Amino acid sequence: MKPQVGVEAQQKRNNMKGKRVLITGAAGFLGSHLCDRFIREGFRVVAMDNLITGDLKNIEHLFKLEQFEFYHHDVSKFIYVSGDIDYILHFASPASPIDYLKIPIQTLKVSSLGTHNVLGFAKVKKARVLVASTSEVYGDPHVHPQTEDYWGNVNPVGPRGCYDEAKRFMEAITMAYNSAHGLETRIVRIFNTYGPRMRLNDGRVLPAFIGQALRGEDLTMFGDGSQTRSFCYVDDLVEGIYRLLMSDYHLPVNIGNPDEITIKEFGEEILKLTGANQKLISLPLPKDDPKQRRPDITLAKKILNWEPKVNRAEGLKITYAYFKSLNKEELNKVEHRSFN
Ligand code: UDP
């Protein structure tokens, strides 16, 4: 793997100095880490978020910077920002099952109408666009690990349909703007990612388990816990996204960590990490919950010279420290998932 520091990185930074990037969903978990990274690379960052699932706390440390601006705006509505925009990262979308079950229409709109607005705006500004797609485009996969040429097994009318189909539409319209208008586009398919600034109450397995461990509750394992996931630490993901944006590859690329684990083993790891005395309890498995998920990252290795560097033990330690630092009020805000 190429070094990420030193002369090459410095040259890249110099080239990017003063370039302007629009990040939608900037106050969310991934969006806020992207803001940090692009500021570090010397960009001027235009952040946009409607704050439905995002939180200004994630980016408040950037507000004092002259090279950072924030617009409270819903990208499902017409977008306009004056001045040059060189790059756009479209990360606005609810991304956890608890969120998209609660707001399915906004979820559909942000990746369909919102993506259309982003692409139209990019065309006006002659900007390069990277859209955040997801491993959910593979649905409950029949191919394992998932390669980019697998078309997926998605239930359009199931509980995940509003998210999965919106993201599939997002990929299709992005490809159409690339072929019909010659727009420079990039598509990242993001697999399960974790790290500081995840919302403790977003219902996803990692914040759910850590929150339960911290509150002294049993850990709610859905089904028998034999379903698998592969968790990528956020810094690795951001590095992969940065490299993809700077590459000349316009077809979808998987970015994730192929280190696969069952949810039961994952729960046991969290109990060990937190030193909690509780146990794992089994609740019904939500409908259409994918049985296994692991990215095949051969393509990312080849074209981006990228692979994850942070192992789960290291990443979980940092993430646990973050959750432990939250105050009691935040820790006790819990939402429960429905199972159909
Ligand atoms: N899960 C669980 N307990 C929880 C939350 C989630 O066992 O409290 C399971 C869920 O059924 C799924 C896996 O953990 O199999 C990952 O769920 P998550 O919502 O984090 O993301 P997904 O990958 O399903 O979108």
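Note: the structure precedes this text.
These numbers were taken from a predicted model, which means no experiment stands behind them.

1. A short note on the packing of aromatic side chains
Next, step 1: Applying the stated criterion across every chain yields a total of 14 aromatic pairs.
Next, step 2: Ring plane angle 65° and centroid distance 5.7 Å describe the contact between Phe 63 and Phe 68, whose orientation is recorded as edge-to-face.
Next, step 3: Residue Phe 68 is classed as buried on the basis of its relative accessible area of 6%.
Next, step 4: Here a set of aromatic residues connected by ring pairs shows up, and it is made of Phe 38, Phe 43, Tyr 87 and Tyr 242.

2. Quick look at the nonpolar core
Next, step 1: If you look at the biggest cluster of nonpolar residues, it comprises 63 residues, and the most contacted ones within it are Ile 23, Cys 35, Phe 38, Val 45, Leu 89, Phe 91 and Ile 241.
Next, step 2: Broken down by element, the residue count for this core peaks at seven residues, all from helix α8 (residues 234-246).
Next, step 3: Excluding residues that lie within four positions of it along the chain, Ile 23 makes contacts with Gly 31, Leu 34, Cys 35, Phe 38, Val 45, Val 46, Ala 47, Met 48 and Leu 89.
Next, step 4: Ile 79, Phe 121, Val 129 and Ile 173 belong to the second-largest nonpolar core, a separate cluster that totals 22 residues.

3. What to know about unusual backbone geometry
Next, step 1: Between His 144 and the following residue, Pro 145, the backbone shows a cis peptide bond with an omega angle of -10°.
Next, step 2: Relative to the assigned elements, Pro 145 resides in the loop between β5 (128-134) and α6 (161-181).
Next, step 3: You will see that Leu 51, though not glycine, has its phi angle at about 65°, which is positive.
Next, step 4: Given a relative accessible area of 26%, Leu 51 falls into the partly exposed group.

Cut-off values and rules
Residues numbered from 1 in each chain as written. Predicted model: local features only at pLDDT ≥ 70, side-chain atom pairs only at ≥ 80, totals over all residues. Heavy atoms only, no water. Phe/Tyr/Trp six-rings, centres within 6.5 Å; stacked < 30°, edge-to-face > 60°. Buried < 20%, exposed > 50% of the residue type's maximum accessible area, 1.4 Å probe, protein only. Core = buried A, V, L, I, M, F, W, Y, C linked by side-chain atoms within 4.5 Å. Helix = DSSP H or I, 4+ residues; strand = E, 2+ residues; numbered from the N terminus. Contact = heavy atoms within 4.5 Å.

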